[in-house]
Amino acid sequence: MADPQFTPHRRSSASILQNLKERSPNSGQLVGLAALVVSGAILLILSGLTLTAAILGLIFFTPLILISSPIWIPIGGIIFLIVAGALSVIGAGAAFMAVISWVYWYIRGMNPPGSAGVDYARIRISDTAGQVKEYAKEYGGYLQSKVKDAAPSA
């Protein structure tokens, strides 16, 4: 039971071709797509060759590695210790240079990061030292009088 008001209309072949031309990619897009496909294929081939070479290398060199492993294990440990020591020295040197640079900037008054905290700590230490000095003056005389009372001949 078809709807009597529905009448399918047919498009002409000219309008279909015109619609395809409007929506078709331009030459720049086609060149980009071709470049993408070619580079993807090249990378896929190279990754397959790399995997194949790695597996063949393992197959052929595993017996040699197993036979010579008593030599490679101590050499590997020595190389590891040398590399770890070198990296430690380089890291300590970099930290030392950073500290020296920060101190230089601080002394020159260039306000490096964190200098406000250092100034605050310096002021607090100075105030505390002053308070301790006053406390010592007050109670120092008190203690000297107590010593004289305990030892009158002193």
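Residues numbered from 1 in each chain as written. Predicted model: local features only at pLDDT ≥ 70, side-chain atom pairs only at ≥ 80, totals over all residues. Heavy atoms only, no water.

**Notes on the overall build of the protein**
And step 1. The helix and strand tally for the protein stands at four helices and zero strands.
And step 2. In sequence order, the secondary structure elements of the protein are arranged as α-α-α-α.
And step 3. A burial count over the protein gives 2% of its 154 residues as buried.
And step 4. With an accessible surface of roughly 13900 Å², the protein has 72% of that area assigned to carbon and sulfur atoms. (Helix = DSSP H or I, 4+ residues; strand = E, 2+ residues; numbered from the N terminus. Buried < 20%, exposed > 50% of the residue type's maximum accessible area, 1.4 Å probe, protein only. Areas by Shrake-Rupley, 256 points an atom, 1.4 Å probe, with all protein chains shown as cover.)

**Regarding helix α3 (residues 69-107)**
And step 1. Between its first and last C-alpha, α3 extends 56 Å over 39 residues, near the 57 Å set by a 1.5 Å rise per residue.
And step 2. With its phi angle positive at about 80 degrees, glycine 109 sits one or two positions after the end of α3. (Expected span 1.5 Å × (residues − 1).)

**Observations concerning the side chain of serine 115**
And step 1. Relative to the elements of secondary structure, serine 115 occurs in helix α4 (residues 115-150).
And step 2. Setting aside chain neighbours within four positions, we find serine 115 in contact with Trp102 and Tyr106. (Contact = heavy atoms within 4.5 Å.)

**Let's talk about the packing of aromatic side chains**
And step 1. Scanning the entire structure with this criterion turns up one aromatic pair.
And step 2. Relative to tyrosine 106, the ring of tryptophan 102 has its centre 5.2 Å away and its plane inclined at 5 degrees; by these criteria the two rings are stacked. One end of the pair, tryptophan 102, and the other, tyrosine 106, are both in helix α3, four residues apart, so they sit about a helical turn from each other.
And step 3. Tryptophan 102 gets classed as partly exposed once you look at its relative accessible area, which sits at 25%.
And step 4. Using a relative accessible area of 26% as the deciding quantity, one classes tyrosine 106 as partly exposed. (Phe/Tyr/Trp six-rings, centres within 6.5 Å; stacked < 30°, edge-to-face > 60°.)

**Let's talk about the pattern of salt bridges**
And step 1. Summed over the entire model, instances satisfying the criterion amount to one salt bridge.
And step 2. Between aspartate 119 and arginine 122 there is a salt bridge; the shortest N-O distance is 3.6 Å. Of the two residues, aspartate 119 and arginine 122 both sit in helix α4, three residues apart, roughly one turn of that helix.
And step 3. By relative accessible area, aspartate 119 is classed as partly exposed at 24%. (Salt bridge = Lys/Arg side-chain N within 4 Å of Asp/Glu carboxyl O.)

**Topic: helix α2 (residues 27-67)**
And step 1. Taking 1.5 Å of rise per residue, the 41 residues of α2 would be expected to cover 60 Å, and the 60 Å separating its terminal C-alpha atoms lies within 8% of that figure.
And step 2. The sharpest bend along α2 reaches about 50 degrees and sits at phenylalanine 61, with the proline proline 63 one to four residues further on. (Bend = angle between axes of the 7 residues up to and from the residue.)

**Description of unusual backbone geometry**
Leaving glycine aside, a negative phi is the common case for residues, and trans is the common case for peptide bonds.
And step 1. Positive phi, normally seen in glycine, also occurs at asparagine 111, with a value near 50 degrees.
And step 2. Mapped onto the elements of the fold, asparagine 111 is located in the loop between α3 and α4.

**Quick notes on a nonpolar patch on the surface**
And step 1. On the surface, Leu51, Ile55, Leu56, Ile59, Phe60, Phe61, Leu64 and Ile65 cluster together into a nonpolar patch covering about 850 Å² of accessible area.
And step 2. Tracing the chain through its elements places phenylalanine 61 in helix α2. (Patch = residues over 30% accessible without salt bridge, like charges linked within 9 Å, V, L, I, M, F, W, Y side chains within 5 Å.)

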